[in-house]
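One letter stands for each residue in the lines below.
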Amino acid sequence: MYELKFIADLVEEQLVKGHLRWLANFSEIRKDYPVEDITFPIYASGGLQEKGFFLSKIYSALVVPKYKVHLLLYSSPEINPNFLRKIILALKHKFGSEDWIFVVLVQWQPIGKALKESIEGVEDKTVGIAAYGVGAKEMVTS
């Protein structure tokens, strides 16, 4: 699936260029990041603290919470709800309970009803899931 690899490369490029700063200030980007027995093609970590002018740094230090943010991309021809559950549990085990975790799932097949319901049913407020069905050009978020 050349297209899935290409999407991972595009996401990595956007992270490196800083185009995802609206989500967090990512300070670390890794490829092929292992968590338990799952390997994520792209992993980025950072925080909400601003790195800019003096006044921005003061405002950020006094007002903005110091949450750690993790962004992970996983691509596969097809992802099922059981595997999504396995991903969430592995990430919650790996990272702290106060860390924010954003998972981007990219699959070639259209997003099935069971996976869509699983994503929309995620009740953990520190975990965000976005799934893209490339073949059908559809998206589901938690």
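Structure: see above.
All figures in this text were calculated on a predicted structure; none of them were measured in a lab.

Structural notes on the pairing of strand β3 (residues 68–76)
Every regular strand shows the same layout, with side chains that alternate between the two sheet faces.
Here comes step 1: A large share of β3 lies buried, amounting to eight of its nine residues.
Here comes step 2: Both β3 and strand β4 (residues 100–107) contribute to a ladder of eight bridges, which runs parallel. By the bridge assignment, valine 69 is partnered in β4 with tryptophan 100.
Here comes step 3: With helix α3 (residues 81–94) bridging β3 and the parallel β4, this β-α-β connection has right-handed handedness.

Things to note about the environment of phenylalanine 102
Here comes step 1: Along the chain, phenylalanine 102 falls in strand β4.
Here comes step 2: Taking the C-alpha atoms as reference, phenylalanine 102 lies 7.9 Å from alanine 130; in sequence the two are 28 residues apart.

Things to note about the packing of aromatic side chains
Here comes step 1: Scanning all chains against the criterion turns up four aromatic pairs.
Here comes step 2: Ring plane angle 10 degrees and centroid distance 4.0 Å describe the contact between tyrosine 33 and tyrosine 43, whose orientation is recorded as stacked. Of this pair, tyrosine 33 sits in strand β1 (residues 25–35) while tyrosine 43 sits in strand β2 (residues 38–47); the two residues are ten residues apart in sequence, bridging distant segments of the chain. Taken individually, tyrosine 33 and tyrosine 43 each receive the classification buried, so the pair is uniform in this respect.
Here comes step 3: Summarising the aromatic geometry, the rings of phenylalanine 40 and tyrosine 74 are spaced 5.9 Å apart at their centres and angled 75 degrees between planes, so their arrangement reads as edge-to-face. Of the two residues, phenylalanine 40 sits in strand β2 while tyrosine 74 sits in strand β3, which places them 34 residues apart along the sequence.
Here comes step 4: On the accessibility criterion, tyrosine 74 (15% relative accessible area) is buried.

Quick look at the pattern of salt bridges
When their charged atoms lie close together, side chains carrying opposite charge are able to pair.
Here comes step 1: Per the stated rule, a full pass over the model turns up three salt bridges.
Here comes step 2: Residues aspartate 37 and lysine 86 are paired through a salt bridge, measuring 2.9 Å at the closest nitrogen-oxygen approach. Remark: lysine 86 occurs in helix α3 and aspartate 37 occurs in the loop between β1 and β2; sequence separation between them is 49 residues.
Here comes step 3: Classification of aspartate 37 as exposed rests on a relative accessible area of 56%.
Here comes step 4: Residue lysine 86 is classed as partly exposed on the basis of its relative accessible area of 34%.
Here comes step 5: The salt bridge partner of lysine 92 is aspartate 124, with a shortest N-O separation of 3.0 Å. With lysine 92 in helix α3 and aspartate 124 in the loop between α4 (113–120) and β5 (127–133), this pair connects stretches of sequence that are 32 residues apart.
Here comes step 6: Judged by its relative accessible area of 25%, lysine 92 falls in the partly exposed class.

Points about the environment of serine 45
Here comes step 1: When you line up the elements, serine 45 lands in strand β2.
Here comes step 2: Sequence separation between serine 45 and valine 69 is 24 residues, and the spatial gap between their C-alpha atoms is 5.6 Å.

Concerning the nonpolar core
Here comes step 1: Phe40, Leu72, Ile87, Leu91, Leu105 and Ile129 are the most contacted members of the largest nonpolar core, which has 25 residues in total.
Here comes step 2: Of all the elements in the fold, those that place two or more residues in this core are β1, β2, β3, α3, β4, α4 and β5.
Here comes step 3: Here this core gets five residues from one element, more than from any other, and that element is α3.
Here comes step 4: By size, the runner-up hydrophobic cluster in this structure holds nine residues, among which are Ala8, Ile42, Leu71 and Leu73.

Conventions and cut-offs
Residues numbered from 1 in each chain as written. Predicted model: local features only at pLDDT ≥ 70, side-chain atom pairs only at ≥ 80, totals over all residues. Heavy atoms only, no water. Buried < 20%, exposed > 50% of the residue type's maximum accessible area, 1.4 Å probe, protein only. Helix = DSSP H or I, 4+ residues; strand = E, 2+ residues; numbered from the N terminus. Pairing = 2+ DSSP bridges. Right-handed = clockwise from strand over helix to strand, strands pointing away. Phe/Tyr/Trp six-rings, centres within 6.5 Å; stacked < 30°, edge-to-face > 60°. Salt bridge = Lys/Arg side-chain N within 4 Å of Asp/Glu carboxyl O. Core = buried A, V, L, I, M, F, W, Y, C linked by side-chain atoms within 4.5 Å.

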